[in-house]
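The chain contents come next:
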Amino acid sequence: MESPLTQNIRPDISPLNLPEYEKAGGYQGLRKALTQLAPDEVTALVLESNLRGRGGAGFSTGRKWSFVPMGDDAPRPKYLVINADEMEPGTFKDRLLMEGDPHQLIEGIIIAAYAVQAGIAYIFLRRAYVTAGQRLETAIKEAYAKGYLGQNILGSGFNLDLYLHVSAGRYICGEETALLNALEGKRAVPRAKPPFPPVVGLWGKPTAFNNVETICNVSHIIRLGPAWFRDLSHVPDGGSKIYGASGKVRRPGAWELPMGVTIREILEEHAGGMQDGLEVRAILPGGVSTDLLTAKHLDVRMDFNSMQEAGSRLGTGTMVVIDDRTCIVGLLSNLMHFFAQESCGWCTPCREGLAWTSRILKAIEQGQGKLEDIEHLKRHTRLITLGHTFCALAPGAMEPLQSALTYFEDDFRRHILERRCPWR
Amino acid sequence: MLTEQEEKDIEAVAGHYPLKKAAGIEALKIVQKHRGWVSDETLSHVADVLEMSPTELDAVATFYNFIFRRPVGRHIILVCDSVSCWIMGYDTIVNHLEKRLGIGFGETTVDGRFTLLPNVCLGACDRAPVMMIDEQLYGELDVEKIDKILASFE
């Protein structure tokens, strides 16, 4: 099984420097793109590869790039922004890629910027990723020194400046329009859409926007072709995927596997199954903004469409496993505290609704809930939805709640009727 | 007043953006690195350099978790309170830290050594429960390990 994304990554060893990365085949994809392909041919190859965004939404990367205005009349400068603000609880895949092989990300960025003809690129990195930041800074310097960044890259006439922006900690910055405001030095509240960032983005200019893992795939697609990339996958979505597992499993971690492996394979073969004496009760498949699945769903494939059919989302693909001795109501109370705290406060359903939901959950968890609270919670899951809010934060918060109420309503009832947490 | 070095560093990072004020967060982190926190006076000087109003910069400063607008201890302890760490024993970790340090979240020890803060997912869920002290991440925490880590700061 090929694992292009992690082939150069060795745990506890410094990442490859530029000459080592080149020796391992690095920057050949860039050379091919800039010397043999026109920008729209690069986009066409990525489109053909069926690469879908790895940040959670799963939008076709090639299509996303095709929305950026091209040609001499296009507004300039155009920007490329890399979302490295990995703050989705339970998610630690982009950290692995940035710490383990920074040049792979940089090569992908240069190719992506060439495809949309962006002249300036920013990596928006969360502040807590200190090691990733240091390694990226070093790698960016090396790439400038070698002429892969700056003016007239590889004699192609293409120019690109790449900057690392280190944020200061706020979950909402991962929302793309909030991130644009953050980069402009404003409070990171989301913007109304449309217009969408590929047309009107950073400082009003066209802005392509991609996740770290997504971009790490690009150089391989260019070098080895879309058919090769599609063949890596068990399903029509192309490529491999960094999956992960945390919680009370035997071997928590992250692994590069074919897109579309089952939950069971990740949990049992790679994470080693549950710790002694514990059973799996539920799974947050791809971060905390995805619907819970249960032990009945272990044979569902972890790809965008299969997860949707099962009533959840692939999200970031790094699952949190919940065992039978962990209280589901306590879990939801933890999640909702997070969402309520991280609400940017810009729109009312999120600012007020999440705080209210969080208080209800806390009360139930502490044995002070009332039976009608369950109806209140259900009503919130129906009202706090896309279209009622500026961005996806609050609707995302409702996903684990609505599925918890679907699969585990009895847990909520027991807390209320017994006036205590039965799991303590 | 800002030092010459601070001004130089801020000007350098402001060059990454078409408008100076985009460097607000990075500028505040530069002064915070030297001073530990950002006072009203410092904030106002930074705003001058970035050609924006102090109010506008403060609206940005107060939005983020890692810009401190009040004095903090010499070391910042960030305890991950998100889902994986919660499953793996966050409660025990926090209770122990609070007992050992004699402070709660948002407080600083009397000797000024530590400030204790909760933090959202630190992105090391495979090593849960985790915390960060300053720029160093500590994983697979238990009570004994915390004692050892804290002792190394004494």
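Residues numbered from 1 in each chain as written. Chains lettered and ligands numbered in written order. Predicted model: local features only at pLDDT ≥ 70, side-chain atom pairs only at ≥ 80, totals over all residues.

## Some details on the overall build of chain A
Helix and strand counts for chain A stand at 18 helices and 9 strands. Against the compact-globule benchmark of 22 Å for 424 residues, chain A has a radius of gyration of 22 Å, which places it among compact chains. Projected onto its principal axes, the C-alpha coordinates of chain A cover approximately 75 × 45 × 35 Å. Per-residue burial over chain A gives 58% buried out of 424 residues. If you take every contact in chain A between residues at least 6 apart in sequence, the share linking residues at least 24 apart comes to 72%. (Helix = DSSP H or I, 4+ residues; strand = E, 2+ residues; numbered from the N terminus. Rg over C-alpha atoms; globule rule 2.2 N^0.38 Å. Buried ≥ 20, exposed ≤ 12 C-beta atoms within 10 Å, placed from the backbone. Contact = placed C-beta atoms within 7 Å.)

## Regarding the overall build of chain B
Along the backbone of chain B there are 7 helices and 4 strands. Start at the N end of chain B and walk to the C end: the helices and strands fall as α-α-α-α-β-α-α-β-β-β-α. Buried residues in chain B amount to 40% of all 154 residues. Here the contacts in chain B between residues at least 6 apart in sequence split such that 57% fall between residues at least 24 apart.

## Some words on the sheet that holds strand S3 (residues 161-166) of chain A
All names here are of chain A. With respect to topology, 4 strands assemble into an open sheet ordered S3-S2-S1-S4, the strand pairing being parallel. Since the sheet does not close on itself, it has two edges, and those belong to S3 and strand S4 (207-211), each with one partner. Geometrically, the sheet is characterised by an average inter-axis angle of 20° between neighbouring strands, direction not taken into account. Bridge analysis of strand S2 (residues 120-125) against S3 gives 6 bridges, and the strand direction is parallel. Paired with Ile 120 across the two strands is Asp 161, which belongs to S3. Packed onto the sheet, helix H7 (residues 130-146) meets S2 and S3 and runs at close to 165° relative to S3. (Pairing = 2+ DSSP bridges. Axes fitted to C-alpha atoms, helices over the stretch in contact; angles between N-to-C directions.)

## Some thoughts on the sheet that holds strand S1 (residues 75-80) of chain B
All names here are of chain B. Spatially, the 4 strands line up as an open sheet ordered S2-S1-S3-S4, and their pairing is mixed. Two strands close off the open sheet at either side, each with one partner strand: strand S2 (114-119) and strand S4 (136-138). In this sheet, adjacent strand axes meet at a mean angle of 20° when their direction is disregarded. In the sheet, strand S3 (residues 131-133) pairs with S4 via 3 bridges, with the strands oriented antiparallel. Residue Met 131 lies in a different strand from S4, and its bridge partner there is Tyr 138. Of the strands in this sheet, S1 and S2 touch helix H6 (residues 90-101), which is tilted by about 155° from S1.

## Considering the pairing of S2 of chain A
Residues and elements named next belong to chain A. In terms of residue burial, S2 counts as a mostly covered element, since 6 of its 6 residues are buried. Judged by which residues are buried, S2 turns out to be covered on both faces: Ile 120, Tyr 122 and Phe 124 on one side and Ala 121, Ile 123 and Leu 125 on the other are all buried. Alignment of strand S1 (residues 79-84) against S2, held across 6 bridges, turns out to be parallel. Along S2, the bridge assignment pairs Asn 83 with Phe 124. Handedness of the crossover joining S2 and S3 through H7: right-handed. (Right-handed = clockwise from strand over helix to strand, strands pointing away.)

## Brief notes about the domain arrangement of chain A
Residues and elements named next belong to chain A. For chain A, the assigned domains read domain 1 (18-231), domain 2 (245-323) and domain 3 (328-418). For domain 1 versus domain 3, the separation of C-alpha centres amounts to 35 Å. In this complex, domain 1 contributes 9 residues to the contact, which on the side of domain 3 involves 8 residues. (Domains from an automatic or database assignment.)

## Some thoughts on the environment of Asp 94 of chain A
All names here are of chain A. One can find Asp 94 in helix H5 (residues 93-100). Classification of Asp 94 as buried rests on a count of 31 C-beta atoms within 10 Å. Between the alpha carbons of Asp 94 and Thr 294 there is a distance of 26 Å; along the sequence they are 200 residues apart. Those residues in contact with Asp 94 that sit more than four places away from it in its chain are Ala 84, Glu 86, Val 212 and Glu 213.

## Structural notes on the interface of chain A and chain B
Taken together, the contacts link 41 residues of chain A with 31 residues of chain B. For the side of chain A that touches chain B, the secondary-structure elements that each account for two or more residues are S3, strand S5 (240-247), strand S6 (253-258), strand S9 (318-323) and helix H14 (328-342) of chain A. Looking at the side of chain A that touches chain B, the element that brings in the most residues is H14 of chain A, giving 5 residues. Of the residues in the side of chain A that touches chain B, the class split is 21 nonpolar, 11 polar and 9 charged. (Nonpolar A, V, L, I, M, F, W, Y, C, P; charged D, E, K, R; others polar.)

## Some remarks on the confidence of the model for chain B
Of the residues in chain B, 100% have a pLDDT of 70 or more, and the chain-wide mean is 96. We note a pTM of 0.97 for the whole complex and an ipTM of 0.96 for its interfaces. (pLDDT = per-residue confidence, 0-100.)

## Side note on the environment of Asp 40 of chain A
Residue and element names in this part refer to chain A. By the element assignment, Asp 40 lies in helix H3 (residues 39-48). Given 16 C-beta atoms within a 10 Å radius, Asp 40 is considered partly exposed. Taking the C-alpha atoms as reference points, Asp 40 and Met 70, 30 residues apart in sequence, are found 8.9 Å from one another.

## Re helix H3 (residues 40-49) of chain B
An α-helix turns once per 3.6 residues; consequently, residues spaced three or four apart project the same way. Residues and elements named next belong to chain B. Turning to H3, its buried residues are Leu 43, Val 46 and Ala 47. Angularly, the buried residues of H3 cover 105° about the axis, an arc narrow enough to put them on a single face. Tucked into the core, H3 has its buried residues touching helix H1 (4-14), helix H2 (24-35) and helix H4 (54-61). (Arc of directions from axis to C-beta.)

## Let's talk about unusual backbone geometry
The omega torsion across Pro 194 of chain A and Pro 195 of chain A is 0°, close enough to zero to call that bond cis. When you line up the elements, Pro 195 of chain A lands in the loop between helix H8 (176-183) and S4. Geometrically, the link from Ala 128 of chain B to Pro 129 of chain B is a cis peptide bond, its omega value of -5° lying close to zero. If you check the backbone angles, Asn 152 of chain A has positive phi at about 50° while not being a glycine. For Asn 152 of chain A, the position within the fold is in the loop between H7 and S3.

## Here we look at the domain arrangement of chain B
One widely used convention gives an interface's size as the accessible area the parts lose upon coming together. In terms of domain boundaries, chain B breaks down into domain 1 (4-61) and domain 2 (75-151). Its C-alpha centre places domain 1 of chain B at a distance of 29 Å from the equivalent point of domain 2 of chain B.

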